[in-house]
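For reference, the chains in residue letters:
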Amino acid sequence: MTDLLIVVDMQRDFVSGALGSEQARAIVPAVAARIQQAKAENTQVVFTLDTHFENYLDTEEGRYLPIPHCIEGTEGRTLYGQTASARRPLDRCILKSTFPALELGTWLKGKDYDEVELWGVVSYQCVLANAVMVKAALPEAEVVVDAKCVAGPDPALHQKALDVMEALHITVRNR
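Since the model is a prediction, treat every value here as computed from it, not as a measurement.

Here is what the cut-offs are and how they apply
- Residues numbered from 1 in each chain as written.
- Predicted model: local features only at pLDDT ≥ 70, side-chain atom pairs only at ≥ 80, totals over all residues.
- Heavy atoms only, no water.
- Core = buried A, V, L, I, M, F, W, Y, C linked by side-chain atoms within 4.5 Å.
- Buried < 20%, exposed > 50% of the residue type's maximum accessible area, 1.4 Å probe, protein only.
- Helix = DSSP H or I, 4+ residues; strand = E, 2+ residues; numbered from the N terminus.
- Contact = heavy atoms within 4.5 Å.
- Pairing = 2+ DSSP bridges.
- Patch = residues over 30% accessible without salt bridge, like charges linked within 9 Å, V, L, I, M, F, W, Y side chains within 5 Å.
- Areas by Shrake-Rupley, 256 points an atom, 1.4 Å probe, with all protein chains shown as cover.
- Salt bridge = Lys/Arg side-chain N within 4 Å of Asp/Glu carboxyl O.

K.L.:
Explanation requested: the nonpolar core in the structure shown.
P.N.:
Membership of the largest hydrophobic core comes to 53 residues, with the highest contact counts inside it found for Leu108, Val134 and Met165. Looking at which element gives the most residues to this core, the answer is helix H6 (residues 123-137), with seven residues. Residue contacts for valine 134: discarding those within four places in its chain leaves Ile6, Leu104, Leu108, Val116, Leu118 and Val143.

Rendered as structure tokens:
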């Protein structure tokens, strides 16, 4: 049984906005259903929210990826559709301004979760980076990624990310 579900960056800009993709839109129903299932099983759910500011293009990420997205105060930063409706007010949200959420690792360190699942976008950036963060904070926990519930707009990079996660002893299901 999963102890913790981490929903990574299921925000408007990654699903239907500035960096949206067909692949991200395709996983929305499964992610929302998994959140509902987690609630029914009393599994804790945490959301990461990519959060940038007006100076995004002046940041290192903005220089490499010059597409403003998830800007604080915009609709693009909000959770998308069914994912937003599945979130409970008491669910923890961790804001992050880069691929991994250092706060997530700090919060997890010392907790005794046996299994942690990650679902969301982008598989080869934020999902991969946060899966590694979870593995570092909880080296004895089974870290799980469901290949059918993570997405990235580049299919080749998506497959490579799944390979890398498996090489890092992250369980990749439904491949």
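Next comes the rest of the description.
K.L.:
What is the right way to look at the pairing of strand E2 (residues 44-50) in this model?
P.N.:
Look at any regular strand and the pattern is simple: side chains alternate between the two faces of the sheet. Among the seven residues in E2, six count as buried, and that is most of the element. The pairing of strand E1 (residues 4-8) with E2 spans five bridges and is parallel. Paired with valine 7 across the bridge in E2 is phenylalanine 47. As judged from the five bridges shared by E2 and strand E3 (residues 92-96), these two strands associate in the parallel manner. What sits directly across from leucine 49, in E3, is leucine 95.

K.L.:
Which parts of the structure should I look at to understand unusual backbone geometry?
P.N.:
In most cases, non-glycine residues show a negative phi, while peptide bonds are predominantly trans. Across the junction of valine 121 and valine 122, the peptide omega takes the value -20 degrees, indicating a cis bond. Looking at the element boundaries, valine 122 is found in the loop between strand E4 (115-121) and H6. Look at cysteine 70: it is not a glycine, yet its phi comes out positive at around 50 degrees. Within the secondary structure layout, cysteine 70 lies in the loop between helix H3 (60-64) and helix H4 (81-86). For asparagine 174, which is not a glycine, the phi torsion comes out positive at approximately 60 degrees. Looking at the element boundaries, asparagine 174 is found in the segment after strand E6 (171-173). Of the residues examined, asparagine 174 reaches a relative accessible area of 43% and is grouped as partly exposed.

K.L.:
What exactly am I supposed to notice about a nonpolar patch on the surface here?
P.N.:
A cluster of nonpolar side chains, Val132, Val164 and Leu168, forms an exposed patch at the surface whose accessible area comes to about 210 Å². Its location among the elements puts leucine 168 in the loop between helix H7 (155-167) and E6. You can call leucine 168 partly exposed: its relative accessible area is 41%.

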